[in-house]
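Spelled out from the first residue to the last, the chains are:
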Amino acid sequence: MAEIRVENLQKNFGDFVAVKQSSFTINDGEFFVMLGPSGCGKTTTLRMIAGLEMPTEGKIYLDDEDVTFLPGSRRDIAFVFQLFALYPHMNVRRNIDFPLRIQRLPRKEIRQRTQEVAEMLRIDHLLNQPVGGLSSGDRQRVALGRAIIRKAKAFLLDEPLGALDAEFRDLMCEELLLLHKRVSATSVYVTHDQVEAMLMADRICVMNNAEVLQIDAPLEIYERPKTKFVAGFIGTPSMNFLKAKGSLAPGQSEIEVNGVSVKIPKTHESLDNAEAIVGARPEHLSLGDDGSLRGEVFAIEYMGARQMVTVDTEAGRLKVRVPNTIKVRYGETVGLSFDSEKLLVFNPETDKAVNSTLFDGAIS
Amino acid sequence: MTAAPDKAFSVGTVSARSKLIAAILVTAYALVAVIPLVWILATGFKSPPDSISYPPKVLFQPTLEGYVNLFTSRTRQTPEYIKSLGPPKTWYDELARKRNMVISGPSRFKDRYLNSVIIGFGSTFLAVFLGTLAAYGFSRFKVPLKDDLLFFILSTRMMPPIAVAIPIFLMYREIGLSDTALGMILLYTAVNVSLSVWLLKGFVDEIPKEYEEAALVDGYSRLQAFVKTVLPQMRSGIAATSIFCLIFAWNEYAFALLLTSGQAQTAPPFIPTIIGEGGLDWPAVGAGTTLFLLPIVIFTVLLRNQLLRGITFGAVRK
Ligand SMILES: Nc1ncnc2c1ncn2[C@@H]1O[C@H](COP(=O)(O)OP(=O)(O)OP(=O)(O)O)[C@@H](O)[C@H]1O
Ligand SMILES: [Mg+2]
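Residues numbered from 1 in each chain as written. Chains lettered and ligands numbered in written order. Predicted model: local features only at pLDDT ≥ 70, side-chain atom pairs only at ≥ 80, totals over all residues. Heavy atoms only, no water.

### Observations concerning the confidence of the model for chain B
All names here are of chain B.
- Scored by pLDDT, chain B comes out at a mean of 87, with 92% of its residues at no less than 70.
- Per-residue pLDDT, averaged within each element of chain B, yields its smallest value for helix 16 (residues 304-311) (72) and its largest for helix 6 (residues 109-140) (95).
- The model gives residues 313-318 a pLDDT under 50, and that stretch makes eight contacts with residues more than four places away or in other chains.
- With pTM at 0.81, the complex prediction returns an ipTM value of 0.81. (pLDDT = per-residue confidence, 0-100. Helix = DSSP H or I, 4+ residues; strand = E, 2+ residues; numbered from the N terminus. Contact = heavy atoms within 4.5 Å.)

As structure tokens, this is what we get:
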């Protein structure tokens, strides 16, 4: 078990910057999820931690030991690859005990540990089968088995559920979490699926364009995103963004959206732009005749106990999540009101959220 | 409106009639291809008069005379002299004496054949061994001037090898490699290694590098990871490449004729000399050719599963 610390990590491929000056610490036993769109440098970061890629700049510490240039074979880290990388010429048992066979352990111990791991993953009945005919779920389990059998210091998982179909993914998500609870090893989990990240993470690290944007607990990221990108990337459907009149003074608690004054959490800093962007999640909007902003109902989607109403306003098309009990019709003109305490204001130039009382309770 | 057809065909289904046509075509081609081989095989078991009879005999009394002649050298004697030798000691003595011949010793065929085996398999092993390592290196590591080097390797194949025969002949004479097995092994390896590197690089490229990387993080060294994870998956590629290399080295005639005469002569330049030795001895030539074809056939049959997989590699893999 170990703590992983990364300092100013950078990776260039020629002129292309794949990872830019990343710094973060992954705590001992933590389930740390790296989240970001395709190509943002998640895999590259993970590969540098594993020792499969040498950083251009920066340092990597494993339990305070500098491992930046240590070959992967000497870091004692387990890696689960995106496409599992099971050896087609070996059966399930051979695949799982592969990491032990290099350690020259006694045969008996290898057999016993393989059996334990296989039972834990419920694949002990498959041990003597070739990996070729396995279902994708079982392949996934074999890959996990190969990772946990070694009792490594940390587990790195690169989109391990990416190859599974949606239904099965939820199941494996749970299994993976249970497994993590049992072995309680430091785990770094890469995904581009924000639902997976919200479900599993102790902390989420959101990346975009080679940069780390925010590292926080899932709820924290959801409620207090520090940039517009994070705000928009997390949550389905994504946050509504409304154009507003800029120029905020510290201590101000109102902003003008489309000529209507909207209450916002009291700001701690000023904003000197001509424009600002107000962010409101669908559940932070509600329908009501007294609403300050008015618009026409464009679409209604029923989602169990709730419904998603799309409203065309002069400030743009907004999604509103309301209980099913509220009756709306297509084409109807409705008023919208805001849950003012939860609103965010972004600076369109820097993409950053304007600091306000909303962030007062923040953990970090 | 038309009724739905009572038989639905999937796009991939082949009708019985096209199967029949395909079978007929394949059989016809196989016959055409196999006739010369059958002819050679049959000639090896004919007696000398049968082998040159016109019209050619399809049914004949098989005899091992051709094989005896291939492996022995004989002298012609008078019947009186042969009688004075007493009864023949072995079945092949008897065969020879029927034609007024006495076996005076073994021929050089066995040595030539052994040379072919040593040189053919030796150079194949070397070319594939070097090719595997080079292909792995080119496929996995950052090699400076990689593309230029690969092109250079390929370019050694652009000229027919025999175009450099004279310089090699002079060079070999100078450094004492003329008429040595080592010289021939090196030469065939040099010719084959370009083919081997290119073919094998294709196979290594197809193997995801995650396999080795998984082994690397699990504590294996680069070489161990290569041996444990990449090599087993290259099996079919190595088999296919070996056959190509062996076929070239085994059949090569021009260099062998030029560079070997005594010690290291291989079977291809030797077999035609049989014709000259004791008149037109076609059965012996047939026997020699049959034995010469055998190793390639056996090698190919042994590796055929690997070979088939090698040829369809990439086409069916996910
Ligand atoms: N060996 C390499 N050489 C050149 N560019 C590379 C190399 N590896 C990765 N890249 C580039 O670096 C960027 C980041 O890649 P990376 O694989 O880390 O993305 P990712 O976040 O894992 O994306 P995905 O979700 O698609 O897996 C990509 O644009 C990729 O093209
Ligand atoms: Mg990736």
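### Some remarks on the pattern of salt bridges
Residue and element names in this part refer to chain A.
- In total, this model carries 26 salt bridges over all chains according to the counting rule given.
- For the salt bridge of glutamate 53 with arginine 47, the shortest nitrogen-to-oxygen distance reads 3.0 Å. As far as the burial class goes, glutamate 53 and arginine 47 line up, both buried.
- Salt bridges here are not isolated pairs; linked through shared partners, they connect Arg122, Asp138, Arg141 and Glu175. (Salt bridge = Lys/Arg side-chain N within 4 Å of Asp/Glu carboxyl O. Buried < 20%, exposed > 50% of the residue type's maximum accessible area, 1.4 Å probe, protein only.)

### With respect to the pairing of strand 13 (residues 260-263) of chain A
All names here are of chain A.
- Here strand 13 shows one buried face, formed by Val260 and Val262, and one open face, formed by Ser261 and Lys263.
- The pairing of strand 12 (residues 254-257) with strand 13 spans four bridges and is antiparallel. The partner of valine 257 across the bridge, within strand 13, is valine 260.
- From the end of strand 12 to the start of strand 13, which pair antiparallel, there are two residues, and asparagine 258 there has a positive phi angle of about 55 degrees. (Pairing = 2+ DSSP bridges.)

### Topic: the sheet that holds strand 5 (residues 65-66) of chain A
Residues and elements named next belong to chain A.
- Spatial strand order, 2-1-4-5: four strands in an open sheet with antiparallel pairing. The sheet is open, and its two borders are formed by strand 2 (16-26) and strand 5, each paired with just one other strand.
- As defined by bridge partners, strand 4 (residues 57-62) adjoins strand 5 across two bridges and the pair is classed as antiparallel. Looking across to strand 5, one finds that tyrosine 61 is bridged to aspartate 66.
- Along the sheet face, helix 1 (residues 42-50) touches strand 1 (4-13), strand 2 and strand 4 and points at about 120 degrees away from the line of strand 1. (Axes fitted to C-alpha atoms, helices over the stretch in contact; angles between N-to-C directions.)

### Re the layout of surface pockets
- By volume, the second largest pocket is sized at about 550 Å³.
- If you list the elements that add at least two residues to the lining of the second largest pocket, you get strand 1 of chain A together with helix 6 and helix 10 (210-217) of chain B.
- Here the lining of the second largest pocket gets three residues from one element, more than from any other, and that element is helix 10 of chain B.
- Partitioned by chemical class, the residues of the lining of the second largest pocket number six nonpolar, four polar and ten charged. (1 Å grid on protein atoms, 1.4 Å probe; cavity = no way out; pocket = protein on both sides within 12 Å on 5 of 7 lines; lining within 4 Å. Points joined across faces, edges and corners; volume = space filled by probe spheres on them. Nonpolar A, V, L, I, M, F, W, Y, C, P; charged D, E, K, R; others polar.)

### Describing the packing of helix 6 of chain B against helix 9 (residues 181-206) of chain B
- Close contact between helix 6 of chain B and helix 9 of chain B brings their axes to 6 Å; oriented N to C, the two are set at 35 degrees. The crossing of helix 6 of chain B and helix 9 of chain B is right-handed. (Left-handed = near helix turned anticlockwise from the far one by under 90°.)

### Here's the deal with unusual backbone geometry
- Here the bond from A:Thr236 into A:Pro237 is cis, since omega is -15 degrees, no more than 30 degrees from zero.
- For A:Pro237, the location among the structural elements is in the loop between helix 8 (228-233) and strand 11 (240-245).
- Here the residue pair B:Tyr54 and B:Pro55 is connected by a cis peptide bond, since its omega of -5 degrees sits within 30 degrees of zero.
- The residue B:Pro55 is located in the loop between helix 2 (48-52) and helix 3 (65-71) in this model.
- In this structure, A:Arg104 takes a positive phi of about 55 degrees despite not being glycine.

### Describing the nonpolar core
- Membership of the largest hydrophobic core comes to 48 residues, with the highest contact counts inside it found for A:Ile4, A:Phe32, A:Met34, A:Phe79, A:Leu156 and A:Val188.
- In terms of residue count, the dominant contributor to this core is helix 10 of chain B (five residues).
- The residues touching A:Phe79, leaving out its near neighbours within four places in the chain, are A:Leu46, A:Arg47, A:Ala50, A:Leu52, A:Leu156, A:Asp158 and B:Val217.
- Judged by nonpolar contacts, the second largest core, of 46 residues, contains A:Ala118, A:Ala143, A:Ile149 and A:Met200. (Core = buried A, V, L, I, M, F, W, Y, C linked by side-chain atoms within 4.5 Å.)

### Let's talk about the site of ligand 1
Residues and elements named next belong to chain A.
- In the neighbourhood of ligand 1, the contacting residues comprise Phe13, Phe16, Ala18, Ser38, Gly39, Cys40, Gly41, Lys42, Thr43, Thr44 and Glu159.
- The contact in question runs from an oxygen atom of ligand 1 to an N or O atom on the backbone of glycine 41, over 3.0 Å.
- With the chains in place, 61% of the 630 Å² that ligand 1 exposes on its own is no longer accessible.
- By residue number, the principal contributor to the shell around ligand 1 is helix 1, which donates three residues.
- Per-class residue counts for the shell around ligand 1 are four nonpolar, five polar and two charged. (Near = heavy atom within 4 Å. Polar contact = N/O pair within 3.5 Å; in protein donor to acceptor, adjacent residues only side chain to side chain. Areas by Shrake-Rupley, 256 points an atom, 1.4 Å probe, with all protein chains shown as cover.)

### A look at the packing of aromatic side chains
- According to the stated counting rule, one finds 21 aromatic pairs over all chains in the structure shown.
- Pairing A:Tyr87 with A:Phe98 gives two aromatic rings, centres 4.6 Å apart and planes at 55 degrees, and the pair type is tilted. With A:Tyr87 in the loop between strand 6 (77-80) and helix 2 (92-101) and A:Phe98 in helix 2, the pair connects residues that are eleven residues apart, well separated along the chain. There is no split in this pair, since A:Tyr87 and A:Phe98 are both buried.
- Here A:Phe98 and B:Tyr220 contribute two aromatic rings whose centre-to-centre distance is 4.3 Å and whose plane-to-plane angle is 10 degrees, an arrangement assigned as stacked. With one member in each of two chains, A:Phe98 in helix 2 and B:Tyr220 in the loop between helix 10 and helix 11 (222-233) form a pair that bridges those chains. With respect to class, A:Phe98 is no different from B:Tyr220; both count as buried.
- Following the ring pairs from residue to residue traces out a cluster consisting of B:Phe71, B:Phe109, B:Tyr113, B:Phe121, B:Trp250, B:Phe270, B:Phe292 and B:Phe299. (Phe/Tyr/Trp six-rings, centres within 6.5 Å; stacked < 30°, edge-to-face > 60°.)

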